[in-house]
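Report on the structure
The residues making up each chain are set out below.
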Amino acid sequence: MKAFLIFLVAPLFVALPTLACKDDTKVKWKNGEFTLSCAFLTNNSDKKAQRTNNWCNKKVKDIKTKDQFVVKKKCKKACKNCGSDDGGNGNDCTDNPHYTFGTYTYEGKRITRTCHWISSVDEIAKQRRNNWCNRVMNGVKVKKECPATCFVCKGPEVDSPVMTE
């Protein structure tokens, strides 16, 4: 009976680290006279997309430790950067921040399509995923360069436990 229970529960323990996607609540950095944190990135729904776009890839200095870090490494949930550490198992699920697939003009502004662009407007993110993730752009499928945004990430491979008596 114990072996059967382990067989059912063991895969859950392996999957738990990938589910723990949260922001570091202790980290803070300066922008001029303002002190910012991961919460700042998402606490205003009208400015969330702009703030995450502006800050997630920036290198900043922690106020307390004076260590430099890239914001998306400490603000994983806010920056939608969960699963970026694959532990060497080949299942890295991070969008390519340098991948672009065309431009267009909207309200007089030149817009570059990126992985972030697909999900930047909640109301049309699903439509953009349907329209763009399976297209080949610049010689590669968009979902290959934007796996997190296109929801095509694979979980870690888990060896099935062997039942013993």
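Just so we're clear, the structure is a prediction, and the values are computed from it rather than from any experiment.

Inspection of every chain in the model, using the stated rule, returns seven aromatic pairs. Between Tyr104 and Trp117, the ring centres sit 6.0 Å apart and the planes meet at 65°, which makes this aromatic pair edge-to-face. Residue Tyr104 is found in strand E5 (residues 100-106), and its partner Trp117 is found in helix H5 (residues 115-119); the two are separated by 13 residues along the sequence. Through successive ring pairs, a cluster of aromatic residues spans Tyr99, Phe101, Tyr104, Trp117 and Trp132. Over the face of the ring belonging to Trp55 we find Lys58, whose NZ or CZ atom lies 4.8 Å from the ring centre. For Arg113, the ring lying beneath its charged end belongs to Trp117, and the centroid distance is 5.5 Å.

A few words now on the pairing of strand E1 (residues 28-31). With four bridges joining them, E1 and strand E2 (residues 34-37) adopt antiparallel strand pairing. Within the sheet, the bridge partner assigned to Lys28 lies in E2 and is Ser37. What sits between E1 and E2 in their antiparallel hairpin is a turn of two residues, with Gly32 showing a positive phi close to 65°.

Here the structure, examined in full by the defined rule, presents four disulfides. Disulfide partner of Cys38: Cys75, at an S-S distance of 2.0 Å. Its torsion about the S-S bond being -75°, the disulfide of Cys38 and Cys75 is classed as left-handed. One end of the pair, Cys38, is in helix H2 (residues 38-42); the other, Cys75, is in the loop between helix H4 (71-74) and E5, and 37 residues separate them in sequence. For the residue pair Cys38 and Cys75, the accessibility class agrees, reading buried in each case. Two residues share a disulfide in this structure: Cys56 and Cys79, whose sulfurs sit 2.0 Å from each other. On the sign convention where negative is left-handed, the bridge of Cys56 and Cys79, at about -90° about the S-S bond, is left-handed. Here Cys56, found in the loop between helix H3 (48-55) and strand E3 (59-61), pairs with Cys79, found in the loop between H4 and E5; they are 23 residues apart in sequence, far enough to count as distant.

The backbone of Lys66 shows a phi angle near 70°, a positive value even though the residue is not glycine. Relative to the helices and strands, Lys66 is located in the loop between E3 and strand E4 (68-70). Despite not being glycine, Glu107 shows a phi value in the positive range, around 50°. On the basis of relative accessibility, which here comes to 68%, the residue Glu107 falls in the exposed class.

Bringing the nonpolar core into the picture now. In this structure, Trp29, Leu41, Val71 and Cys75 are the most contacted members of the largest nonpolar core, which totals 13 residues. Dropping the residues within four chain positions of it, Cys75 is found in contact with Asp23, Trp29, Cys38 and Leu41. In terms of nonpolar packing, the next biggest core, distinct from the first, is built from eleven residues, Tyr99, Cys115, Val142 and Cys146 among them.

Moving on to helix H6 (residues 122-132). Turn by turn, an α-helix covers 3.6 residues, leaving residues three or four places apart pointing in a common direction. Among the residues making up H6, those that are buried are Ala125, Arg128, Arg129 and Trp132. Taken down its axis, H6 places every buried residue within 105° of arc, on the same side. Along H6, the residues that are exposed and aim more than 90 degrees away from the buried face are Glu123, Lys126, Gln127 and Asn130. Those residues of H6 that are buried lie in contact with E5, strand E6 (109-114), H5, strand E7 (136-137) and helix H7 (142-145).

Calculation notes
- Residues numbered from 1 in each chain as written.
- Predicted model: local features only at pLDDT ≥ 70, side-chain atom pairs only at ≥ 80, totals over all residues.
- Heavy atoms only, no water.
- Phe/Tyr/Trp six-rings, centres within 6.5 Å; stacked < 30°, edge-to-face > 60°.
- Helix = DSSP H or I, 4+ residues; strand = E, 2+ residues; numbered from the N terminus.
- Lys NZ or Arg CZ within 6 Å of the ring centre and 35° of its normal.
- Pairing = 2+ DSSP bridges.
- Disulfide = S-S within 2.5 Å.
- Buried < 20%, exposed > 50% of the residue type's maximum accessible area, 1.4 Å probe, protein only.
- Core = buried A, V, L, I, M, F, W, Y, C linked by side-chain atoms within 4.5 Å.
- Contact = heavy atoms within 4.5 Å.
- Arc of directions from axis to C-beta.

Purely geometric stuff here, so don't read any function into it on its own.
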